[in-house]
Each structure stands twice: as structure tokens, then as C-alpha cells.
Amino acid sequence: MGDARHPAGRYGTVSRFLHWSMAALILVNLPLGLLSDTLEDAGYETVGLHKSIGLTLLALALIRIGWRLMNPPPPLPASVSRRDARIAVAVHVLLYALMLALPLTGYIFSSAGKYPLTWFDLFGVPKLALTRDDAIVGLSREGHEILGWVMIAAALGHIAAALRHHLVLRDGVLRRMLG
Ligand code: HEM
Ligand code: HEM
């Protein structure tokens, strides 16, 4: 496992696994959340799936942030401008904050709902002792929706930047994360 940490100039296997598994789950969970009313009306029980994927993402985010703190990423190639590097750091910090805030707000307001919380119907997940009258429940519901849109915007900018590095600048930045 010589590649588990970061080999010179690239992300290691652990970081790549966490990045791509979380990217896939987030890109599934955003539309699942947005379409939840439509899908439920059409008879699909997708909210439980959305919550289970979201709780999985919360656990992965905690592991990822811990791993990140112990293993700082390789420095960007010198060809990346200071301005671009600063924007990248800001967007990455925002994405990490959203990876925590979205599942946490979802967990908080779902705790006040009438449905039991499970992880893929395999085992029960304890709920917080909250009711709809608690201010944090309403705030979390509002926050979950607004932060969902913020994440869509941040992820689109992030993906556009990755493609710009690959197709326009051709500086190998996307390959650092592909392995
Ligand atoms: C990274 C993880 C998550 C993402 C990206 C995400 C994203 C979203 C988005 C974009 C919506 C649509 C918002 C709206 O239009 O109202 C939504 C709705 C919802 N989310 Fe999440 N969510 C995540 C995690 C969770 C978790 C962990 C739970 C609960 C344990 C949860 C519970 C819900 C519920 C119940 C709705 C439907 C709200 C309604 O009644 O309209 N979400 N989510
Ligand atoms: C919504 C899903 C995604 C999220 C939340 C996300 C989040 C992140 C975060 C937080 C980092 C910083 C890693 C660190 O240095 O600690 C990162 C790096 C990276 N992401 Fe994503 N990402 C997503 C999807 C994608 C997609 C679809 C692509 C490709 C098109 C991509 C390409 C990259 C690349 C190339 C890097 C490395 C940048 C560098 O070398 O500094 N990401 N991503």
C-alpha cells in the first residue's frame, strides 16, 4: 500500500477512493432530494434511500476530513496561478463544509419527523430528541434546501474547473485525482 498516502505530486488511493465514491453518492443524492416529492407521488419510496445515502455520506465525510488533516494533499503544479490556487482552496473548503452541513441539517429535521430513521432498512439510527416546535428544526429544513442549491453551484464550478485544467490548461491536475 505504498500509494495509500500521497505519492509525489498525486493523490493517494485512500483520498481518491473517498473523493470518487463521495462524488458519485452526492451526484445521486442531490437529484434524489430535489425530486423526492415527484418520486414519492409517483409511488417510489425514495426518501428513505436519500436519508441512508446521506447518512453514509456523513460518515465518509468525517473519515475523509480526518484523513485529510493527517495527510495534506500534494502541492499544486507551479503552473497554476496564485489566483486559481486561492479560488480552489476556497471552493474545496466550501465543499467540505457542505459535506458536513447537508447531512447534519437533514438528520436534525428528519429527527423531528414521524418516520423511523434507518440505514437502508438494515438497522435503526437513533434520532435526536427534537420536535417540530424546536427552532433548530425549521432552520435546518430551510438550511438543507438552501445549502443543497449552494452545493449544486459549488460542484458545477468545481467540475468546470477540473475540465478546464484537463482540456484547456492541460496541466495534469485532473490526473492527480484519477490516479
Ligand atoms: C450530503 C448529503 C445530502 C445531500 C446532498 C442532500 C440534498 C438534498 C436536497 C438538494 C434536497 C431537496 C431540498 C428541497 O427542495 O426541499 C433534499 C431533501 C431532503 N433531504 Fe437531503 N441531502 C443530504 C442528506 C440528507 C440526510 C442525511 C437526511 C436525513 C437523515 C436528509 C433528508 C432529506 C429529506 C427528508 C428531504 C425532503 C425534504 C422535503 O420534505 O422537501 N438529507 N436533500
Ligand atoms: C459533487 C461532487 C464532488 C465533490 C463534493 C468534490 C470535492 C472535492 C474536494 C473537497 C477536493 C479537494 C481535495 C483536497 O485537496 O482535500 C476535490 C479535489 C478534486 N476534485 Fe472533486 N469533488 C466532486 C466531484 C468532482 C468531479 C466530478 C471531478 C471531475 C470532473 C472532480 C475533480 C477533482 C480534482 C481533479 C481534484 C484535485 C484538485 C487538485 O489537484 O488540487 N471532482 N474535490
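The residue count restarts for each chain, going from 1 along the sequence in the order it is written. By the order in which they are written, chains take letters starting at A while ligands take numbers starting at 1. Reporting in this predicted model follows two pLDDT cut-offs: at least 70 for local features of residues, and 80 or more for side-chain atom pairs to be given and counted; totals over whole chains, interfaces and linings ignore these cut-offs and use all residues. Side-chain numbers here rest on the full set of heavy atoms in the structure, without hydrogens or water.

The protein goes by Cytochrome b in an unreviewed UniProt entry, where it is assigned to Sphingomonas qomolangmaensis. UniProt positions are given in the numbering used here, feature names are shortened, and annotations may be inferred rather than shown by experiment. UniProt annotates the protein under Subcellular location (unreviewed entry) with the comment "Cell membrane". Here the protein is described in UniProt, under the heading Cofactor (unreviewed entry), as follows: "heme b".

Novice: I would appreciate a short explanation of the overall build of the protein in the present structure.
Specialist: To qualify as a helix, a DSSP run of H or I must reach at least 4 residues; to qualify as a strand, a run of E must reach at least 2; elements of each kind are numbered from the N terminus. A tally of helices and strands in the protein yields six helices and two strands. Relative to its full complement of 179 residues, the protein shows a buried share of 35%. The contact criterion used is simple: two residues touch if any of their non-hydrogen atoms lie within 4.5 Å. For the protein, contacts bridging at least 24 residues in sequence account for 66% of all contacts bridging at least 6. Computed with the Shrake-Rupley method and a 1.4 Å probe, the accessible areas treat only the protein chains shown as cover for residues. Summing over all exposed atoms, the protein offers an accessible surface of approximately 11,100 Å²; the carbon and sulfur share of this is 69%. Positive charges come from Lys and Arg alone, negative charges from Asp and Glu alone, with His and the N- and C-terminal ends not counted. Charged side chains are reduced to one point each, which is NZ for Lys, CZ for Arg, CG for Asp and CD for Glu. Counting 17 positive and 12 negative side-chain charges, the protein places the centres of these two groups 16 Å from one another. Summary of the burial criterion: residues with accessible area below 20% of their type's maximum are buried, those above 50% are exposed, and those between are partly exposed, where the area comes from a 1.4 Å probe applied to protein chains only.

Novice: How should helix α5 (residues 135–169) be read in this particular structure?
Specialist: In an α-helix, one full turn covers 3.6 residues, which means residues spaced three or four apart are oriented alike. How far a helix is expected to stretch is found by multiplying one less than its residue total by 1.5 Å. In this model α5 runs 48 Å from its N-terminal to its C-terminal C-alpha over 35 residues, within 8% of the 51 Å that 1.5 Å per residue would give. Restricting attention to buried positions, one finds in α5 the residues Val137, Ser140, Gly143, His144, Gly148, Met151, Ala154, Ala155 and His165. Packing partners of the buried residues in α5 comprise α1 (13–34), α3 (47–70), α4 (82–111) and α6 (173–178). Arg170 sits one or two positions beyond α5 and adopts a positive phi of about 50°.

Novice: Just checking my understanding: could you explain the UniProt feature "transmembrane region" (unreviewed entry) in the protein for this structure?
Specialist: Using the residue numbers shown here, the UniProt feature "transmembrane region" (unreviewed entry) corresponds to residues 17–36, 48–67, 87–109 and 146–167. Here residues 146–167 runs as 100% helix and 0% strand, with 32 Å between its end C-alpha atoms.

Novice: How do you make sense of the UniProt feature "domain: Cytochrome b561 bacterial/Ni-hydrogenase" (unreviewed entry) in the protein when you look at a structure like this?
Specialist: Within the UniProt annotation, "domain: Cytochrome b561 bacterial/Ni-hydrogenase" (unreviewed entry) is assigned to residues 10–179. The span residues 10–179 is 72% helical and 2% strand by assignment, and the distance between its end C-alpha atoms comes to 7 Å.

Novice: Is there a simple way to think about the pattern of salt bridges in this case?
Specialist: Once their charged atoms are close, side chains differing in charge can pair, the charge on each being opposite to the other. Salt bridges are counted wherever a side-chain nitrogen of Lys or Arg sits within 4 Å of a carboxyl oxygen of Asp or Glu. All told, the structure shown has two salt bridges when counted by the stated rule. Its salt-bridge partner being Asp84, residue Arg83 comes within 2.9 Å of it at the nearest N-O pair. Residue Asp84 is joined to Arg164 by a salt bridge in which the shortest nitrogen-to-oxygen separation is 3.2 Å. Here Asp84, found in helix α4, pairs with Arg164, found in helix α5; they are 80 residues apart in sequence, far enough to count as distant. Using a relative accessible area of 13% as the deciding quantity, one classes Asp84 as buried.

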